[in-house]
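# Structural characterization, general
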Amino acid sequence: MAERGIDKIGLLQRRYIGYQVLADVFFSAGLAILIACFAYSAFSLSLWWSVLFFVVFFGCMTAIRKWWKVDIKTITSFLNVKYSELEESSELVFKQPSELNPLERLQLSKIEAVLEDVPAVQKQFLQRLKFSVLFLLCIPFFGWEVTQLHGHWKDSLEPASNVNSPKSTLPEEILPQINSVNVTISPPTYTRKHSRDQDRFTIEAEEGSSVNWELGLNVAAKQVDLVFSDGQKIILKNTNTTYRGQKIIDKPGFYQVSIDGKLSDLYPVQIIKDNPPVIHIKTPQQYTYIDAGEAPRVNISASVDDDYGINNAFIYATVAKGSGEAVKFKEQKIDFSASFSGQNQHYDLQKLVNLPVLNMEPGDELYFYVQAQDNHNQQSRTDVYIVSLQDTAQLLSMDGLIGGVNVKPEFFRSERQIILDSEKLLRDRDSTSKESFNTRSNDLGTDQKLLRLRYGKFLGEESESDINPKEEENDAVADPKNYGNAAVVLDKYSDKHDNAEDAQFFDPGVKAQLKATLTEMWKAELQLRLYKPEAALPFEYKALRLLKDLQQKSRMYVAKTAYNPAPLKMEKRLTGELDKIIQPVGHQDIKSDDNQFEVLKNAVSVLEQLRTSSIMSNSDRHTLQLANQQLSEKASAQPEIYLPALGALHRILSTTNAKSNDIGLVEKAIQRVLPPGKTLPASMQNSADMGLSNGYYKNLNNK
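First things first, this report covers the structure right here in the doc.

Reading the values: the criteria
- Residues numbered from 1 in each chain as written.
- Predicted model: local features only at pLDDT ≥ 70, side-chain atom pairs only at ≥ 80, totals over all residues.
- Heavy atoms only, no water.
- Helix = DSSP H or I, 4+ residues; strand = E, 2+ residues; numbered from the N terminus.
- Buried < 20%, exposed > 50% of the residue type's maximum accessible area, 1.4 Å probe, protein only.
- Contact = heavy atoms within 4.5 Å.
- Areas by Shrake-Rupley, 256 points an atom, 1.4 Å probe, with all protein chains shown as cover.
- Pairing = 2+ DSSP bridges.
- Axes fitted to C-alpha atoms, helices over the stretch in contact; angles between N-to-C directions.
- Expected span 1.5 Å × (residues − 1).
- Arc of directions from axis to C-beta.
- Core = buried A, V, L, I, M, F, W, Y, C linked by side-chain atoms within 4.5 Å.
- Parallel < 35°, antiparallel > 145°, perpendicular 65-115°, else oblique.
- Left-handed = near helix turned anticlockwise from the far one by under 90°.
- Nonpolar A, V, L, I, M, F, W, Y, C, P; charged D, E, K, R; others polar.
- Salt bridge = Lys/Arg side-chain N within 4 Å of Asp/Glu carboxyl O.
- Phe/Tyr/Trp six-rings, centres within 6.5 Å; stacked < 30°, edge-to-face > 60°.
- Lys NZ or Arg CZ within 6 Å of the ring centre and 35° of its normal.

### A few points about the overall build of the protein chain
Regarding its fold elements, the protein chain presents 19 helices and 20 strands. Looking at the 703 residues of the protein chain, the share that counts as buried comes to 35%. Contacts in the protein chain between residues far apart in sequence, at least 24 positions, make up 67% of those at least 6 positions apart. Carbon and sulfur atoms provide 55% of the accessible area of the protein chain, an area that totals close to 45,000 Å².

Pasting the structure below:
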């Protein structure tokens, strides 16, 4: 009988492991098919990659589940929990008969009958398998959704990315005399792009490209021209009914083909401009302060990007020394270690600048910016970055105590004395009593408070003073004669910040730094009051450093700003020639915006009349011709927007080839040109209250 129980438990173990492995297979297969569908849609990978994905997923699940560790003890624990009739004794079937005591033999004979009735298929074992099968059956639907969704993204993104491409435009209308057209666009050398041919008149070329036209006609023509929007006309040369011409394209616009005086449709000319290099400095921050004990070096890391290629990049550094009127500056040009011979479009640059190599000492400042030049000789530069070295010797110098009064007074000369006293108090902690230590710390807090209140007056803060009994006796508010006199009370307790005597002459930057200094003094005073001078020292040092930094503000220098002055002509410098310096005369015709757009507004009225009547008077035609001139200027600058409307207006003026939607197309373009109307004052429309407010006021007046 015991052998039957062992066989039943072993069967349950094998089936549990088999179900779990089969569930892992289904899960892995479903995930592999889903990922393969996405890879096929996005990257055009073969569906055979799903086999590799299946192996990877199944291996990961096997490593996580570890089904081989499911032993007999796990199965017996499950049976003991589910079947209470076993009385948690199912593991007795695995003991040898000689090891059983009388009670265990009796219990074994009881549970053997129960084990025979235990079904070989447990519902708990099948739950995960059922879920995996359901997941695998849903995968085809998910895979189809992934492929369809990716196709929708691709279809919606491709037109947006090719909005300026000639291939995305509508079919062109060409003259019937033209049999073939071949336009060759040769980009400039610096773009490193190859020449390309197209069979369309619409041109999208890099700035400075050379464009060659080759037209094949089916009839003989006396003259074939290309008429551009700027008034330039190119006469094509005839070679056996093939006409050729060339032009350098450097600005946008439009043009027409003229064959013996007959003009074609308008064809846009779009320019791809070469943008200057884009520089991004990753490290350091725009203002970096190197404290005492830190390594005197700065790591400059930047990235440079350009449309076609980077030719060079430099670091322009300026070292500032001294203070006041004795400030000296020294400029240096630092090269990056990278090589720009390949003229790549992207460079990650890095340079470790050792400040002592630049002869920088404590108290000096380094101003630098990165400048890059592309292969079209276009330059761009970053903002100025500042690196400052802390001058610890100047912070704690005793020159003011030894050498007398300084010619240029500092903002807070006694702050460093509080620092010295705090450090001395910490050194004397072991040799002094606790009461004396706390008293000295509290006295330093009082000194910090007095210093803060004294200089807080510069920012208009309230002052604290001890009450003087004699002044209290002479107080006007305490005088019984002034009882009820509001003017006397307001004169004593109100803040008179608008008086000229209380005016502050600090700029906002200095005010902000002084407020930050007072905040650090507040924090230092708090720690001193709590008898923690070691915690107050960082705030004291920071307050002193902020004040010393205010003195460095005297280094006013153009290198601190991002201003890029024009280069000087050395041959004209110091010559004293003033004959070419004349009084500037400016002439400008100021016209109101209403007059400027009056023609376009009148054109809209004429177009609305044409919707109902096709008859056009001479004055209406003149109005549309004036509007045509203004739209031509807009189409020259933005042909992709205004050129279709300009062609529609030409068809309206011809009265022979007009289309049904031409009037609406021209009106939309004119509305785009016209400025938005001014919002006039108007009464707000309140929601209907069904007369409740009127009834309320009526009853209120009756009472």
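### Details of the sheet that holds strand β14 (residues 297-305)
Ordered in space as β12-β14-β17, the 3 strands form an open sheet in which the pairing is antiparallel. Each edge of the open sheet is held by one strand with a lone partner, namely β12 (278-283) and β17 (346-354). Looking at each pair of strands side by side, their axes are set apart by 20° on average, direction ignored. The sheet contact formed by β14 and β17 spans 9 bridges and is antiparallel.

### Re the sheet that holds strand β4 (residues 209-217)
Across the sheet, 5 strands lie side by side as β2-β1-β4-β8-β7; this open sheet has antiparallel pairing. For this open sheet the edge positions go to β2 (196-198) and β7 (237-239), each flanked by a neighbour on one side alone. For this sheet, the mean inter-axis angle between neighbouring strands, taken without regard to orientation, is 25°.

### Some thoughts on helix α18 (residues 662-673)
The terminal C-alpha atoms of α18, which comprises 12 residues, lie 17 Å apart, in line with the 16 Å expected from a rise of 1.5 Å per residue. Listing the buried residues of α18 in full gives Asp662, Ile663, Val666, Glu667, Ala669, Ile670 and Val673. Down the axis of α18, the buried side of the element spans an arc of 160°, and every buried residue falls inside it. Exposed and oriented more than 90 degrees from the buried face of α18 are Lys668 and Arg672.

### As for the nonpolar core
Counting 29 residues, the largest nonpolar core has Leu607, Leu610, Leu624, Leu631, Ile652, Val666 and Ile670 as the members making the most contacts within it. Elements that contribute at least two residues to this core include exactly α15 (598-612), α16 (618-637), α17 (639-654) and α18. Counting residues per element, this core draws most heavily on α17, at 8 residues. Among residues more than four places away in sequence, those in contact with Leu607 are Leu624, Ile652, Ile663, Val666, Glu667 and Ile670. Judged by nonpolar contacts, the second largest core, of 28 residues, contains Ile290, Ala302, Phe340 and Tyr347.

### Let's talk about the pairing of strand β8 (residues 242-249)
As defined by bridge partners, β4 adjoins β8 across 8 bridges and the pair is classed as antiparallel. Within β8, the residue paired with Leu215 across the bridge is Tyr243. The pairing of β7 with β8 spans 3 bridges and is classified as antiparallel. The residue of β8 that forms the bridge with Lys237 is Arg244. Joining the antiparallel neighbours β7 and β8 is a turn of 2 residues, in which Asn240 adopts a positive phi near 55°.

### Details of helix α3 (residues 72-82)
By the burial criterion, the buried members of α3 are Ile75, Thr76, Leu79 and Asn80. The arc that holds every buried residue of α3, seen down its axis, measures 135°, which confines them to one face. Along α3, exposed side chains directed more than 90 degrees from the buried face belong to Lys73 and Val81.

### A short note on the environment of Lys328
Summarising the element assignment, Lys328 is placed in strand β16 (residues 328-335). The exposure class of Lys328 is exposed, given its relative accessible area of 64%. Along the chain, Lys328 and Thr318 lie 10 residues apart, while their C-alpha atoms are 10.0 Å from each other. With residues up to four places along the chain from it excluded, the contact list for Lys328 reads Val319, Ala320 and Lys321.

### Structural notes on the packing of α16 against α17
Packing of α16 against α17 brings their axes to within 8 Å, and their N-to-C directions diverge by 155°. Here α17 runs roughly antiparallel to α16, going by the angle between their axes. The way α16 lies across α17 gives a crossing that is left-handed. Taken together, the residues of α17 that come into contact with α16 (itself represented by Arg621, Leu624, Gln625, Ala627, Asn628, Leu631, Ser632, Lys634, Ala635, Ser636 and Ala637) are Pro639, Tyr642, Leu643, Leu646, Leu649, His650, Ile652 and Leu653. Class assignment for the residues of the contact of α16 with α17 results in 12 nonpolar, 5 polar and 2 charged.

### Some thoughts on the pattern of salt bridges
Per the stated rule, a full pass over the model turns up 16 salt bridges. Between Arg196 and Glu206 there is a salt bridge, with the nearest N and O atoms lying 3.3 Å from each other. Taken together, the positions of Arg196 in strand β2 and Glu206 in strand β3 (residues 203-206) put the pair 10 residues apart, joining distant regions of the chain. Its relative accessible area of 2% is what places Glu206 among the buried residues. Glu525 is the salt-bridge partner of Arg452, the closest N and O atoms lying 3.0 Å from each other. Of this pair, Arg452 sits in helix α9 (residues 434-456) while Glu525 sits in helix α12 (residues 508-529); the two residues are 73 residues apart in sequence, bridging distant segments of the chain. Across this residue pair, the class does not change: Arg452 and Glu525 are buried. When salt bridges that share partners are traced, they join Lys193, Arg196 and Glu206 into one network.

### Quick look at the packing of α17 against α18
Here α17 crosses α18 at 130°, and the two axes come no closer than 8 Å. In terms of their interaxial angle, α17 and α18 are classed as oblique. Where α17 crosses over α18, the handedness of that crossing is left-handed. Between α17 and α18, the residues in contact are Ile641, Tyr642, Pro644, Ala645, Ala648, Leu649, Arg651 and Ile652 and Asp662, Ile663, Leu665, Val666, Ala669, Arg672 and Val673, respectively. Looking at the contact of α17 with α18, its residues break down into 12 nonpolar, no polar and 3 charged.

### Details of the side chain of Ser388
Structurally, Ser388 can be placed in strand β20 (residues 385-389). Residues in contact with Ser388, not counting those within four places in the same chain, are Tyr287, Thr288, Tyr289, Ile290, Asp364 and Glu365.

### Examining the packing of aromatic side chains
Applying the stated criterion across every chain, the model contains 13 aromatic pairs. For the pair Phe27 and Phe131, a centre-to-centre distance of 5.7 Å together with 50° between the ring planes defines the contact as tilted. Of this pair, Phe27 sits in helix α1 (residues 2-43) while Phe131 sits in helix α5 (residues 123-161), and the two are 104 residues apart along the sequence. Classification of Phe131 as exposed rests on a relative accessible area of 53%. Plain terms: the ring middles of Tyr190 and Tyr308 are 5.7 Å apart, the flat faces sit at 80° to each other, and that makes the pair edge-to-face. Of this pair, Tyr190 sits in the loop between β1 (178-186) and β2 while Tyr308 is found in the loop between β14 and β15 (310-321), placing the two residues 118 residues apart along the sequence. Across the pair, Tyr308 and Tyr190 agree in class, each one buried. Here a set of aromatic residues connected by ring pairs shows up, and it is made of Phe201, Trp213, Phe228, Tyr255 and Tyr267. Directly above the ring of Trp522 sits Arg452, whose terminal nitrogen or CZ lies 3.7 Å from the centroid.

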